[in-house]
Structures are given as C-alpha cells and as structure tokens.
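Structural overview for review
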Amino acid sequence: MKDETRLVQLGRSGVGFEQPVNLPVYRASTIMSPDLDSYLNRFADGRRYEKVTYGATGTQNARALADAVNQLEHGAGCMVTASGLSAVTMAISAVINTGDHLLMADTVYGPARRFCNDYLGRMGADTTYFAPGISAADLEALIRPNTKLIYLEAPGSLTFEMQDIPAIVALAKSRGILTAMDNTWATPLYFRPLDFGVDISIQAGTKYIAGHSDVIIGMISMGDEALAKRVMDQTMMFGDIPSPDDCFMTLRGMRTMSVRLERQQRSALTVARWLEKRPEVARVLYPPLESDPGHALWKRDFNGAASLFGVVLKSGDYDGLRRMINGLEHFHIGSSWGGFESLVAVNRTPLDRAELTWSDVPFLLRFHVGLEDPDDLLADLEAGLGRLA
Ligand SMILES: *Cc1c(COP(=O)(O)O)cnc(C)c1O
C-alpha cells in the first residue's frame, strides 16, 4: 500500500451502520472487566501493549494513532506520548543508564540537549556533542566503552545541517551502539529512519502530523519488538500519554498530511529560492537548495522536504529587523511550525551549542511556509526586506 492510501485507511473504525468514518473519541480512565479471570489476567500475554486496560496506558484513540504511525514508519512498535519533547526524553531515558555515555549531534532540538546536560548529568550519564558533518572516523574516535546511544537529528534545528545517516548507522551497528533520530522535519513521508537502520524514530507529532497548530503530541517508533517494549514500558512507567481528544485530532490532521506537505514544500522552495537571490540575504539554510552544503545528502536520502528553513541577513541591525518582522502580514511570530499557517521565528546568537554557535551573526531567522498563496508570501517578504534599510 502506498503512503497516501495508508494515510486515508489507517487507524479507522470498521465499516458498518454503527461505525462512523472516524474512530470516535473514547474518553476513559476506567475500563471494566467482564469477570474476575479477565480482570486478573488483564496484563497477561503482552495485553498491556495492545489492549485498552486503563486510560493512563492509552485508550482506543492512542492505540489507533500509534498503529497508524507505526505502519507509516515501517516500525515493529510505536508509542504515542504527551509531547514531542517527552518522546525525546522517554526514548533517551529508556536506553541510557547511570554510567552510560551518549553521542549527540550538536545541532539537536535545544530542549533535548538540556535534558541530557541537566537530567542525565544528574543521573550520572555523560553526553558528548559532535558536529553534524563529522566523518565516520572522527565520530568513531569519540566512542567510549560505555557509549550506548548515538542521537541524530537531520536537518538540525535552527541551522539545518544534514548528517550522513547511513554512515553513522553503519558505524553504530559495527560497535553495537543504538541509534535514535528526531525525524520531525522530514516526517515519515519524506524520510524513514527505521528503513535506514536507525533503531528509534522520534516525531514531534505537534508539527506536520497533527498539522493544525492546536495539538501537542509525540511518537516513538522502534524497528525491533524487544526495543519497542522497552520504550513502551518506559512511557507507561512515567505515565506519559496524550489525551484521547489529542489523538483523535492528530489522526484527523494526518489524513491530509501528504497534500499539505506537497503544497507547503513547493511554496517553501519558491520562497527560499526567491530569498536566496535577494541582496539583503547572506544565506538561506535549506538542504533542498542546490547551494546548501547538505544538498547532496538530502537528495540522496530524503524523498522531500519540510517547509521550514533558516535565513541569515547581511545586516545585523536590530531596528531594521524589528521593522521588517513586526510589519509582516502573513508570517506571524511564533516558535512552533508544521501547521497550515506561515510563521517566522528570530533567534539570538550565540546558540547553546558546543561548536556551531553561529556567533558571527547576531540573529538567525527561521521561516515556516504555510498553505497561503506563495505570491502573497513573496509580496509580504518583499515589503519586509524593504523595511530593513
Ligand atoms: C517541536 C520539536 C520538538 C518538541 O515537540 P513538542 O511537541 O513541542 O514538545 C522536538 N523536536 C523537534 C525537532 C521539534 O521541532
């Protein structure tokens, strides 16, 4: 079955007079057992992973969404979580113990880094950050006897550097180290980490999967059943579960994900190409552009692109930037992305990173291109760039 068909079919009710097209919302804490035997055996035979036994381990809506994402990811098991960030922290903490070491790309989502430095640090696990463009040989030199996980994100948050995922996965496998990847940017439609041998694929479903800027949710998919159970146990132990309503909203948003992404990436490429030629712009950070240093890797491994990219302006003048951003009509200022609407975010440098701090420019801009007509977006940006001077 092709992805577009999957997006329509997955996670639905059956067909029948009492079966609406969409699985209804099952709000529940308590599930009633028909008799004592079934109550006492409710967790037997792995039922806790599949059946609905108590609201805090997921109702029908969480199961349906997890099954849909699992099939999209080509996974052996998937768990939905209360946020993208908790998907990150549950995945890492499921496989890292006191005394362990993990290698993390320097360009990961900021809160993932904070979790490692703060929480894992307090628990006695060490994190080493590596530049996303590192060679396999240099990465191998960072491996310690207690290295248990290599954590990836491509392209990187805010600065969009690509990574050579197959090379890193080959190295990890040869050394018996697990890999995890935050794949929020590409979504399972445009990159499937598990197909590339990554062990754990993480999604902030908050972004393109839910797709409408009204849900916070995460997903963790595993390529192997034993590892899937380990991660699911971790999320259940911590009581990390999204509400049935949010699962319903996410499945509903997912139905249109492929058409949204197709349209948004087309518009984003138009806008990015236009920005790249503007005299006010120093660089556009977007792997689908031929000029981007990560273009070859993106083209080799990915089937498409998110509509999210970075922009570096030539001028570092704050007054001009404020005039530009405050006057935009279609790009509202906001931190998130992946919804139907265009957004802009501005980050101060230096970034909280070990190596790639970008301290030579004062601001990094990030644009998310939504479903508006690209002509309107270009006119908005043209006027905005005009306000810089
Ligand atoms: C937004 C984001 C997250 C966190 O998702 P939330 O649902 O906001 O917690 C994780 N990783 C990446 C790359 C993100 O952009």
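The written sequence of each chain sets the order in which its residues are numbered from 1. In keeping with the predicted nature of the model, local features appear solely for residues at pLDDT of at least 70, side-chain atom pairs appear and are counted solely at 80 or more, and the whole-chain, interface and lining totals rest on all residues. The side-chain quantities take in all heavy atoms of the structure and omit both hydrogens and water.

Focus on the pairing of strand β1 (residues 77-81)
Buried residues dominate β1, accounting for five of its five residues. The side-chain alternation of β1 yields two buried faces, one formed by G77, M79 and T81 and the other by C78 and V80. Partly exposed describes any residue whose relative accessible area lies between the buried limit of under 20% and the exposed limit of over 50%, with all areas from a 1.4 Å probe on protein chains only and scaled to the type maximum. Where helices and strands are cited, they refer to DSSP runs of H or I of at least four residues and of E of at least two residues respectively, numbered from the N terminus.

Section: the sheet that holds strand β7 (residues 218-222)
Between any two strands, pairing holds if DSSP finds at least two bridges. Taken in spatial order, the seven strands make up an open sheet running β1-β7-β6-β5-β4-β2-β3, and their pairing is mixed. Two strands lie at the open edges of the sheet, namely β1 and β3 (126-130), each paired on one side alone. Taken over all neighbouring pairs, the strand axes of this sheet differ in orientation by 20 degrees on average, direction set aside. As judged from the five bridges shared by strand β4 (residues 147-153) and strand β5 (residues 178-182), these two strands associate in the parallel manner. Considered in β5, the bridge of L149 is made with L178. Where helix α8 (residues 165-174) meets the sheet, its contacts fall on β3, β4 and β5, and the angle it forms with β4 comes to roughly 170 degrees. Most of the contacts of helix α10 (residues 225-237) go to β1, to which it runs at about 20 degrees, and overall it touches β1, β5, β6 (200-204) and β7. In this description, a line fitted to the C-alpha atoms serves as the axis of each element, helices being fitted only across the stretch in contact, and the angle between N-to-C directions of two axes falls anywhere from 0 to 180 degrees. Note on contacts: a residue pair qualifies if any of its non-hydrogen atoms lie within 4.5 Å across the two residues.

Here we look at unusual backbone geometry
Of the consecutive residues A154 and P155, the connecting peptide bond is found in the cis state with omega at -10 degrees. The omega angle of the peptide bond from T349 to P350 is 0 degrees, so this bond is cis rather than trans. Inspection of the secondary structure assignment puts P350 in the loop between β11 (343-348) and β12 (363-368). Unusually for a residue other than glycine, H74 sits at a positive phi of about 60 degrees. Counting through the fold element by element, H74 comes out in the loop between α4 (60-73) and β1. Residue class for H74 comes out partly exposed when judged on its relative accessible area of 36%. Positive phi, close to 55 degrees, is recorded for W358, a residue that is not glycine.

A closer look at a negative patch on the surface
A cluster of like negative charges, contributed by E329, D373, D375 and D376, occupies part of the molecular surface. By secondary structure assignment, the location of D375 is in helix α15 (residues 374-386). Each patch is assembled from residues with relative accessible area greater than 30% and no salt bridge, linking like charges that lie within 9 Å and nonpolar side chains (Val, Leu, Ile, Met, Phe, Trp, Tyr) that lie within 5 Å. Per-residue and other accessible areas follow the Shrake-Rupley method at a 1.4 Å probe size, with only the shown protein chains counted as cover for residues. Salt-bridge detection follows one rule: a side-chain nitrogen of Lys or Arg within 4 Å of a carboxyl oxygen of Asp or Glu. The charged-residue count follows a simple rule in which Lys and Arg add positive charge and Asp and Glu add negative charge, with His and chain termini not counted at all. Every charge is mapped onto a representative atom, which is NZ of Lys, CZ of Arg, CG of Asp or CD of Glu.

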